[in-house]
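Structural characterization, general
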Amino acid sequence: MPLNSRIPAGELAQKWGTYKSTCKLVNPANKRSIDIIVVGTGLAGASAAATLAELGYNVKTFCFQDSGRRAHSIAAQGGINAAKNYQNDGDSVFRLFYDTIKGGDYRAREANVHRLAEVSGSIIDQCVAQGVPFAREYGGLLSNRSFGGTQVQRTFYAAGQTGQQLLLGAYSAQMRQVALGKIKEYTRHEMLDVVVIDGKARGIIARNLITGEIERHGAHAVLLCTGGYGNVFFLSTNAMGSNVTAAWKAHKKGAYFGNPCFTQIHPTCIPVSGDHQSKLTLMSESLRNDGRIWVPKKQGDTRKPNEIPEEERDYYLERRYPAFGNLVPRDVASRAAKERCDAGYGVGASKMAVYLDYAAAIIRYGKIELNKQGISNADEATIIRLGKEVVKEKYGNLFDMYEKITGENPYEIPMRIYPAVHYTMGGLWVDYELMTNVPGLYALGEANFSDHGANRLGASALMQGLADGYFVIPYTIGNYLADEIRTPKIDTNQKAFEDAEQAVREQINHFINIKGQHSVDYFHKQLGKIMWDKCGMARNAEGLKQAITEIRALREEFWKDVRVPGTADEFNPELEKAGRVADFLELGELMCIDALNREESCGGHFREEYQTEEGEALRQDDQFMYVAAWENKGKEGWQLHKEDLVYDVIHPSQRNYK
C-alpha cells in the first residue's frame, strides 16, 4: 500500500499558506479538555509543549534528565539557519530550500523542506523576542556566519553556545506554562511503551527513574521529540543518555521507521584517543568558516605542524572543491578526510586526523583590526595578538574546550580533527502534518525523518526542531484533534494500558534476572564497533551482510549473558542502559538491512560499489528516489514500504561543490 504523505495540493510556495488557512481548528473551550503528551523536552519538545499549552491544551512533558535544560539540544554550538538575507548576499527562502534539498542529495520531501525555509525567519524573530542573545554586528543588527553547503551567510549564532541559548528560550517559555498550570512536568521519567487503542495513540507507559515505579499516562495525542539514535555506534558526539527507545517502542507498535541507514558523520570532531572513551566531542562546524583544513603533502610526515612550510601542505578541500573550499557539506568533508588518512597522510599519534588551522585567520583579522584602530607599521606580534582577540570573541569557548580536552593551545598549534557519528537523518516516518502512520502519534525534530534527506546541512537541526515545535505542530495537531473533542479523558484502566504495563514489567524483570557475565557497555561497545566498521563512513554489500549476522549473534548473547546489578524498584542507571542497548541491537540490524537494500550512494550513505571515477557519491535516481519506510513484523523481520519522492520544482542532478 503506498504511503500517503498528505502533502497539500497546489504550488509549492503556496502549500503551507493554503494548509494553514483551510485546516480544522479546535476552539479555545474545547482545547481545555484535550490532553497532549510530549516526550522529550529539547528544542522540539520544549517549543511544542510551550506553544500547545499557550494555545490552551493540557500538556504533560516527560524527560529522563533531571531538567529539560540538560537536553542534548544544548550541544548544537554553531548556529541556526534562517533566510533573512541580512547580509544582502543573495539569500532567499528559495535558496535556503534549494541548498537544503541539494545538501540532502535529493532524498528529502520537497514540501516539508520548503515549509521549513518559509518559517525559518519567524524562528529568529520568536527567539529574539524571548531574549536569546544572538551575536550582533557593530551597528546592532544580528550577525551571520557561513556553514557548509552554502555560498551565503545565513547562520545566526550566540558565540559557540547557540543550542544552549535557544533551549533556554524554549525552556523558559515551557516553565512559564508549568507555573500557570497548563503543563505538568515529569522529569526523571523514561517512556518505555506507547499505548495504542483502536488504532490510535492514547498514552504511554513511563518509568520513574528515581523510584522505579511504572506509571500509566493517557492523552488524546502523543508527541515524540526524543532526538536521534547516533549512540547505536557507542562512540558519537551525542550525549551518553541519547537513545532510540521511545521511537523504537513506537516502531514496534506499528509506526514505520524511515531511512534508518542515513547517518551523518561530522567532519570536525576531536579524534578518538583510546579504548577508554565513552563519547566524542565535537568542534563546531562554524570553525570551518575561518579555519583551513590540511594534511602534509608527504606521506607519514612526523614533523610538528608549525614546522611544515606552506608549500608542503595540502589544503585538500580547497584543491578538490574550489567553489566551496572548506565549506563543503559534512558528508563530502568527512569522506575527504577519511580518504586522506587512509592514503597515509593522516597526522597525530593515531594518524587518523587532519589539521584545522587558524593561523591565516588570525593574521587576516589582525590586519583588519590594525585598520580599524588606525595603527600603522605594526610588527607581526601585534597583528597576531589583535587577530587572536577577534578569534577569541567569535569562537573562544570552542577553543577553550579543545584545549581542556587535548592539552594543546589551538591559537598556537592547529587543531586535530577527524569525522565522527553525529546526527541521524532517519527516524520515524511522518506525513506532512508530522504524524506517523499511527493516528495521534507524532514525531518532531530529529526523531522524525522528514527534512534533511541523506545528509543534514549544518545549522539545520536547531531550525527544524524549533520550526516543528513553534510553527508547524500547533496547526497540524489541531487538524487531528478537531475530530477528538467528543473523546472523553483517556481512562488508563483499559486493557491496552494493563497489557502495555505488564510487558514493560516483564522486560525489566527479565533484565534483572539474567544475571549474566558481561556489563551492558560490553555489548554496546561491540555493537558500536560492528556498526562503525561496516555501516559507518563507507559500506559495502559483503560488510553489511556480515554485520547483520554478527548483530544477530550479539543480540542473542546479550539476552542470555548481560549483567544488570541492583533491583527494579530503585534508581538503577544500568537497568536504563540495558533497555536502551536492547533497542539499539534491533535498530542496528535494521540500519544494515536498509543500507544493504539501498544500492546507491547518497549523502551520508556511501556504498563503495556506487561511486564516480572521482570518488563522489553515485545516486541511482531511477531505482531509489524514495523514502524507505520499514514496518516491524516482529520475528519475521521488517517489510519495506516506499514513499516516492516527486520533485516538481528542483531538478535532481549530480551534486557538485567544485
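**Things to note about the overall build of the chain**
- Across its full length, the chain carries 17 helices and 19 strands.
- Considering only C-alpha atoms, the chain reaches an extent of 80 × 55 × 50 Å along its principal axes.
- Across the 658 residues that make up the chain, the buried fraction comes to 61%.
- Within the chain, contacts between residues at least 6 apart in sequence are counted, and of these 73% link residues at least 24 apart.
- Of the roughly 25,200 Å² that the chain leaves accessible, carbon and sulfur atoms contribute 49%.
- When the 78 basic and 82 acidic side-chain charges of the chain are each reduced to a single mean position, those positions are 2 Å apart.

**Observations concerning the packing of helix α13 (residues 495–514) against helix α15 (residues 541–561)**
- At a minimum axis distance of 7 Å, the contact between α13 and α15 shows a crossing angle of 80 degrees. Considering their axes alone, α13 and α15 lie roughly perpendicular with respect to each other. Between α13 and α15, the contacting residues are Gln507, His510, Phe511 and Ile514 on the first element and Phe558, Trp559, Lys560 and Asp561 on the second.
- In terms of residue class, the contact of α13 with α15 is made up of 4 nonpolar, 2 polar and 2 charged.

**Thoughts on the domain arrangement of the chain**
- Its domain assignment divides the chain into domain 1 (266–421) and domain 2 (493–618).
- Contacts between the two partners involve 11 residues from domain 1, matched on the other side by 9 residues from domain 2.
- Of the roughly 760 Å² buried at the junction of domain 1 and domain 2 (both faces included), carbon and sulfur atoms supply 59%.
- The largest contributions to the domain 1 side of the interface with domain 2 come from Asp331, Arg335 and Lys338, which together make up 54% of the buried area.

**Quick look at the sheet that holds strand β17 (residues 441–443)**
- Overall, parallel pairing links the 5 strands, which are arranged β5-β2-β1-β9-β17 in an open sheet. In this open sheet, the two edge strands, each paired with only one partner strand, are β5 (183–186) and β17. Ignoring which end each strand starts from, the neighbouring axes of this sheet average 20 degrees apart.
- Against the sheet, helix α3 (residues 43–55) contacts β1 (35–39), β2 (58–62), β5 and β9 (221–224), and its axis sits at roughly 165 degrees relative to β2.
- Across the sheet, helix α6 (residues 162–179) is in contact with β2 and β5; its angle to β5 comes to roughly 110 degrees.

**Looking at the packing of helix α4 (residues 93–103) against helix α5 (residues 110–130)**
- Running from amino to carboxyl end, α4 crosses α5 at an angle of 135 degrees, the nearest separation of the two axes being 9 Å. For the element pair α4 / α5, the angle class is oblique. For the element pair α4 and α5, the recorded crossing hand is right-handed. Facing α4, whose interface residues are Val93, Leu96, Phe97, Thr100 and Ile101, α5 presents Glu110, Val113, His114, Ala117, Glu118 and Ser120.
- Classifying every residue of the contact of α4 with α5 gives 6 nonpolar, 3 polar and 2 charged.

**Topic: the pattern of salt bridges**
- A complete count under the given rule lists 56 salt bridges for this structure.
- Between Asp66 and Arg70 there is a salt bridge; the shortest N-O distance is 2.6 Å.
- Overall, the relative accessible area of 38% leaves Asp66 in the partly exposed class.
- If you follow the salt bridges from partner to partner, you end up with Asp105, Arg107, Asp331, Arg335, Arg598, Glu600, Arg619, Asp621 and Arg655 in one network.

**Things to note about the nonpolar core**
- Counting residues in each nonpolar core, the largest one holds 187 residues, and the members touching the most others are Ile80, Leu223 and Tyr442.
- At 13 residues, helix α16 (residues 573–597) tops the list of elements feeding residues into this core.
- Each of domain 1 (266–421) and domain 2 (493–618) gives at least three residues to this core.
- Discounting residues that sit within four places of it in the chain, Tyr442 has contacts with Ala221, Val222, Leu223, Leu224, Glu433, Leu434, Met435, Thr436, Ile473, Thr476, Ile477 and Tyr480.

**Quick look at the pairing of β2**
- In this sheet, β2 lies alongside β1 in parallel orientation, the contact comprising 5 bridges. Paired with Ile36 across the bridge in β2 is Val59.
- In terms of handedness, the path from β1 via α3 over to β2 forms a crossover that is right-handed.
- Where β2 and β5 come together, 4 bridges link them in parallel fashion. Counterpart to Phe62 in the pairing with β5 is Tyr186.

**So, the environment of Arg340**
- Inspection of the secondary structure puts Arg340 in helix α9 (residues 330–345).
- Residues Arg340 and Gln639, 299 residues apart in the sequence, show an inter-C-alpha distance of 39 Å.
- Among all residues touching Arg340, those that are not within four sequence positions of it are Val295, Asp314, Tyr316, Arg319, Tyr345 and Gly346.
- Within the structure, Arg340 has its side chain in polar contact with the side chain of Glu339 (distance 2.9 Å).

**As for the pairing of strand β6 (residues 189–197)**
- Of all the 9 residues making up β6, 8 are buried; the element is thus mostly covered by neighbouring parts of the structure.
- Pairing analysis gives 8 bridges linking β6 to strand β7 (residues 200–208), with the strands arranged antiparallel. Residue pairing for β7: Glu190 is matched across the bridge by Arg207.
- The hairpin formed by β6 and β7 contains 2 residues between the paired strands, and Asp198 there has a positive phi angle of roughly 50 degrees.

**Regarding the sheet that holds strand β12 (residues 292–296)**
- If you walk across this open sheet you meet the 5 strands as β11-β15-β14-β12-β13, and the pairing is antiparallel. Every interior strand has two partners, whereas the edge strands, β11 (263–269) and β13 (313–314), have only one.
- Here β12 runs beside β13; their pairing, made up of 2 bridges, is antiparallel. Across the sheet, Pro296 pairs through a bridge with Arg313, a residue of β13.

**Observations regarding the side chain of Lys534**
- Position of Lys534 among the secondary structure elements: in helix α14 (residues 520–535).
- Judged by relative accessible area, which is 18%, Lys534 ranks as buried.
- The contact partners of Lys534, leaving out residues within four places of it in the chain, are Arg539, Gly543, Leu544, Gln546, Ala547 and Glu550.

**As for the packing of aromatic side chains**
- One pass over the full model with this rule turns up 26 aromatic pairs.
- Aromatic pair Phe399 and Tyr411: ring centres 4.7 Å apart, planes at 35 degrees, arrangement tilted. In this pair, Phe399 sits in helix α11 (residues 380–406) while Tyr411 sits in the loop between α11 and β15 (415–424), placing the two residues 12 residues apart along the sequence.
- Judged by its relative accessible area of 1%, Phe399 is buried.
- An aromatic cluster is present here, built from Phe511, Tyr522, Phe523, Phe558 and Trp559 joined pairwise through their rings.
- Here Lys102 stacks its cationic end above the ring of Tyr657, 4.3 Å away from the centre of that ring.
- For Arg115, the ring lying beneath its charged end belongs to Trp16, and the centroid distance is 4.9 Å.

Thresholds applied
- Residues numbered from 1 in each chain as written.
- Predicted model: local features only at pLDDT ≥ 70, side-chain atom pairs only at ≥ 80, totals over all residues.
- Heavy atoms only, no water.
- Helix = DSSP H or I, 4+ residues; strand = E, 2+ residues; numbered from the N terminus.
- Buried < 20%, exposed > 50% of the residue type's maximum accessible area, 1.4 Å probe, protein only.
- Contact = heavy atoms within 4.5 Å.
- Areas by Shrake-Rupley, 256 points an atom, 1.4 Å probe, with all protein chains shown as cover.
- Lys, Arg positive; Asp, Glu negative; His and termini not counted.
- Charge placed at Lys NZ, Arg CZ, Asp CG, Glu CD.
- Axes fitted to C-alpha atoms, helices over the stretch in contact; angles between N-to-C directions.
- Parallel < 35°, antiparallel > 145°, perpendicular 65-115°, else oblique.
- Nonpolar A, V, L, I, M, F, W, Y, C, P; charged D, E, K, R; others polar.
- Domains from an automatic or database assignment.
- Buried area = accessible area lost by both parts, 1.4 Å probe.
- Pairing = 2+ DSSP bridges.
- Left-handed = near helix turned anticlockwise from the far one by under 90°.
- Salt bridge = Lys/Arg side-chain N within 4 Å of Asp/Glu carboxyl O.
- Core = buried A, V, L, I, M, F, W, Y, C linked by side-chain atoms within 4.5 Å.
- Right-handed = clockwise from strand over helix to strand, strands pointing away.
- Polar contact = N/O pair within 3.5 Å; in protein donor to acceptor, adjacent residues only side chain to side chain.
- Phe/Tyr/Trp six-rings, centres within 6.5 Å; stacked < 30°, edge-to-face > 60°.
- Lys NZ or Arg CZ within 6 Å of the ring centre and 35° of its normal.

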